[in-house]
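# Inside the fold
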Amino acid sequence: MGTIAVEAPVSTILSLQLRRRDRRNRQFLKSVASNVTPSDESVKPLERKETKIQEEHSKNTGAQFVDPIMDPTEYTPEKLEQWLAQMKKFDHIDIITNDTSGHYVMPSQISKDAPSINPTKLLEKLEYEYKGGRNQQKQFHGKGTMEYDNGSYVTGEWRNGKKEGRCRIECTLGLVSYVEGYFTQDKINGKVRVQTDSGEWIVGYAKDDVLHGFCTYYNAEKKLEKIGITRNGRLFGTCWKILPGGGFIVGKVDAEGEFTGSNIAYIFTDHKSAFWGEFRDGEMTQAQPVNIIGLTNEYKAVMVPIFSTPQGPFYRKEVSTADWLTDKPLLVDPYECTTVYVKQSGTPGACEGLFAARDLKINTVAAFYNGIRRQKPADSATTWQLQENAYKIFDPTNKKGVIDILPKYQDIRNWCASLAHKTNHSFLPNCEFSEIIHPRWGLVPCLVTRQDVKKDEELLVWYGYDLDYCPEWYKDAWENSCKNLDQDTNLKSG
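Now for a quick tour of the structure. On a predicted model such as this, the values are computed, not experimentally measured, just so you know. (Residues numbered from 1 in each chain as written. Predicted model: local features only at pLDDT ≥ 70, side-chain atom pairs only at ≥ 80, totals over all residues. Heavy atoms only, no water.)

When its secondary structure is counted, the protein chain shows six helices and 25 strands. Of all 494 residues assigned to the protein chain, the portion counted as buried reaches 53%. Taken as a whole, the protein chain presents about 23500 Å² of accessible surface, with 49% of it coming from carbon and sulfur. (Helix = DSSP H or I, 4+ residues; strand = E, 2+ residues; numbered from the N terminus. Buried < 20%, exposed > 50% of the residue type's maximum accessible area, 1.4 Å probe, protein only. Areas by Shrake-Rupley, 256 points an atom, 1.4 Å probe, with all protein chains shown as cover.)

Right, dumping it as structure tokens:
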């Protein structure tokens, strides 16, 4: 692989921001839950099937492999993919119509200390102007609107002085800034949409002014962040956390609403490969590769994956530093084993290249790019042609940083824990670099297909050099590309 000079903006949703959001949410929704172990009767042993890709890697590198491949007829990832795609839609719950008989509302009683999502009491002492219907006793009755002096308002339906039917409240006080849902006797019951004062959204079901049923949680940009049952205003049971760039944390939340325990999983973007084991605050401390082999549900609302029996070596989170990479440079990524492999490149002048291990659809995460993290040199814009910069790429956690593969790790026999650094350049690439939160590496660049790629096809990416400061081979490649383009143009015109 040659030098990579690709620059990319730092993600707007980093781990620190996620933690801040979680802390704000916990002020509003303190979470309680317990950990459970999947039933032994619901899992099947993982059948080991040595693939040609793994045989080739093992022979050439002596790397330690974990094979997560199993009979694909036992589980269809599309089922989980479709459910998650539906949950990502902000309007997947229709607030316009209500169904109080639905099973998405928890049947249990509301706790006295459960946090209310109804901000009406905060407005009781404020001056307001009412426009709308009244009954013979001058009580609010029918459709109407209350406009408060501080800019808050309530609009909806009343019956004999009490809110009854669909209503909307916008409040400038307290932790709830917006509520849209159905009221019975002045209390929210049924479908509801809530926005907190920090901008996050909750779409789900309420009972007597309390979130008490299936809910989905979105950030201020209305992008899905969490899925789960909310009981007495608190997250409960099996929950999903959607991570930036793809990937999911799934498991029973603890008493603090965190993904902490010995039965938590990280699911990769293929909706099949996963790590299962011990996590603390959503970070992997000791886990093994597994596959999803089935789906069940909790409370007839939340999809719960059934995993194969964990096997193979243990993995943990290992975020690299300027002088430390990992304790296990030959411990390969179980997801990458299913997507890519390394062999002699078909690119003129290149050595090894990265190839598709199976057919890859457009927008598929193919490989990960992990290395040591360094500060970007002050003259980096003019020194990309130097061999010492040959494996440097943007660090999504630091605008002024780069991720680099040291010379001793550029040989696959010494480093194969991540493989995106083996991707070669093309001016007509079929892939591009993005970023993802990986359970082992943290936030790192990743290689994503920009079109459908066939099995055994080489994966290529545009390096993005400045032609004034680039290696000679890059200039040669550019000139050859221009010549080929001119020839094609002449043929078409002729």
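Okay, back to it.
So, on to the pattern of salt bridges. Taken as a whole and judged by the stated rule, the model has 12 salt bridges. With its nearest N and O atoms 3.5 Å apart, the salt bridge here joins Lys-163 to Asp-186. Of this pair, Lys-163 sits in strand β4 (residues 162-170) while Asp-186 sits in the loop between β5 (176-184) and β6 (187-196); the two residues are 23 residues apart in sequence, bridging distant segments of the chain. Given a relative accessible area of 27%, Asp-186 falls into the partly exposed group. Arg-193 is the partner of Glu-180 in a salt bridge, and the nearest nitrogen-oxygen pair spans 3.2 Å. Here Glu-180, found in strand β5, pairs with Arg-193, found in strand β6; they are 13 residues apart in sequence, far enough to count as distant. Look at the salt bridges and you will find they share partners, linking Arg-316, Glu-318, Asp-327 and Arg-440 into a network. (Salt bridge = Lys/Arg side-chain N within 4 Å of Asp/Glu carboxyl O.)

Turning our attention to helix α3 (residues 77-88). Helix length check: α3, at 12 residues, gives a terminal C-alpha distance of 17 Å against a target of 16 Å (1.5 Å per residue), a fit within 8%. Among the residues of α3, Pro-77, Leu-80, Trp-83, Leu-84 and Met-87 are the ones counted as buried. One side of α3 carries all its buried residues, which in axial view fall inside an arc of 135°. Residues of α3 that are exposed and point more than 90 degrees away from the buried face comprise Lys-79 and Gln-82. (Expected span 1.5 Å × (residues − 1). Arc of directions from axis to C-beta.)

Let us look at the nonpolar core. Within the largest apolar cluster, 79 residues are counted, with the highest numbers of intra-cluster contacts made by Val-192, Leu-354, Phe-368, Tyr-369, Phe-433, Leu-447 and Leu-459. When residues in this core are grouped by element, the largest group, five residues, is from strand β24 (residues 442-449). With sequence-adjacent residues up to four places away left out, Leu-447 is seen in contact with Leu-354, Thr-364, Val-365, Ala-366, Ala-367, Ala-420, Thr-423, Cys-431, Glu-432, Phe-433, Leu-459 and Val-461. Judged by nonpolar contacts, the second largest core, of 31 residues, contains Val-105, Phe-248, Val-250 and Ala-274. (Core = buried A, V, L, I, M, F, W, Y, C linked by side-chain atoms within 4.5 Å. Contact = heavy atoms within 4.5 Å.)

Turning next to the packing of aromatic side chains. For the structure shown, the criterion picks out 23 aromatic pairs. Taking the centre distance of 5.7 Å and the plane angle of 85° together, the rings of Tyr-130 and Trp-158 count as edge-to-face. Placement of Tyr-130 in strand β1 (residues 128-134) and of Trp-158 in strand β3 (residues 153-159) is noted, with a sequence separation of 28 residues between them. Both residues of the pair, Tyr-130 and Trp-158, belong to the buried class. Each member of the aromatic cluster is reached from another via a ring pair, and the members are Tyr-266, Phe-268, Phe-275, Tyr-315, Tyr-335 and Phe-368. (Phe/Tyr/Trp six-rings, centres within 6.5 Å; stacked < 30°, edge-to-face > 60°.)

Taken together, three strands build an open sheet; the order of strands is β19-β21-β20 and the sheet is antiparallel. Since the sheet does not close on itself, it has two edges, and those belong to β19 (372-375) and β20 (393-395), each with one partner. Each neighbouring strand pair of the sheet contributes to a mean axis angle of 45°, computed without reference to strand direction. Note: β20 against strand β21 (residues 398-404), three bridges, orientation antiparallel. Its bridge partner lying in β21, Phe-394 is registered against Val-402. (Pairing = 2+ DSSP bridges. Axes fitted to C-alpha atoms, helices over the stretch in contact; angles between N-to-C directions.)

Moving on, we get to the environment of Asp-113. Mapping Asp-113 onto the fold places it in the loop between α3 and α4 (120-123). Judged by relative accessible area, Asp-113 falls into the exposed class, the value being 56%. Each C-alpha atom, one on Asp-113 and one on Gly-233, is 9.5 Å from the other, the two residues being 120 residues apart in sequence. For Asp-113, the side chain forms a polar contact with the side chain of Ser-111, separated by 2.4 Å. (Polar contact = N/O pair within 3.5 Å; in protein donor to acceptor, adjacent residues only side chain to side chain.)

Attention shifts here to the pairing of β5. The element β5 is extensively covered by neighbouring structure, given that eight of its nine residues are classed as buried. Alignment of β4 against β5, held across six bridges, turns out to be antiparallel. Counted as the bridge partner of Cys-167 is Gly-181 from β5. The antiparallel hairpin formed by β4 and β5 contains five residues in its connecting segment, where Gly-174 sits at a positive phi of about 80°. Examined bridge by bridge, β5 and β6 share seven bridges and lie antiparallel to one another. From the neighbouring strand, Thr-184 faces β6, where its bridge partner is Lys-187. Hairpin connection between β5 and β6: a loop of two residues separates the two successive antiparallel strands, and Gln-185 in this loop has a positive phi of roughly 55°.

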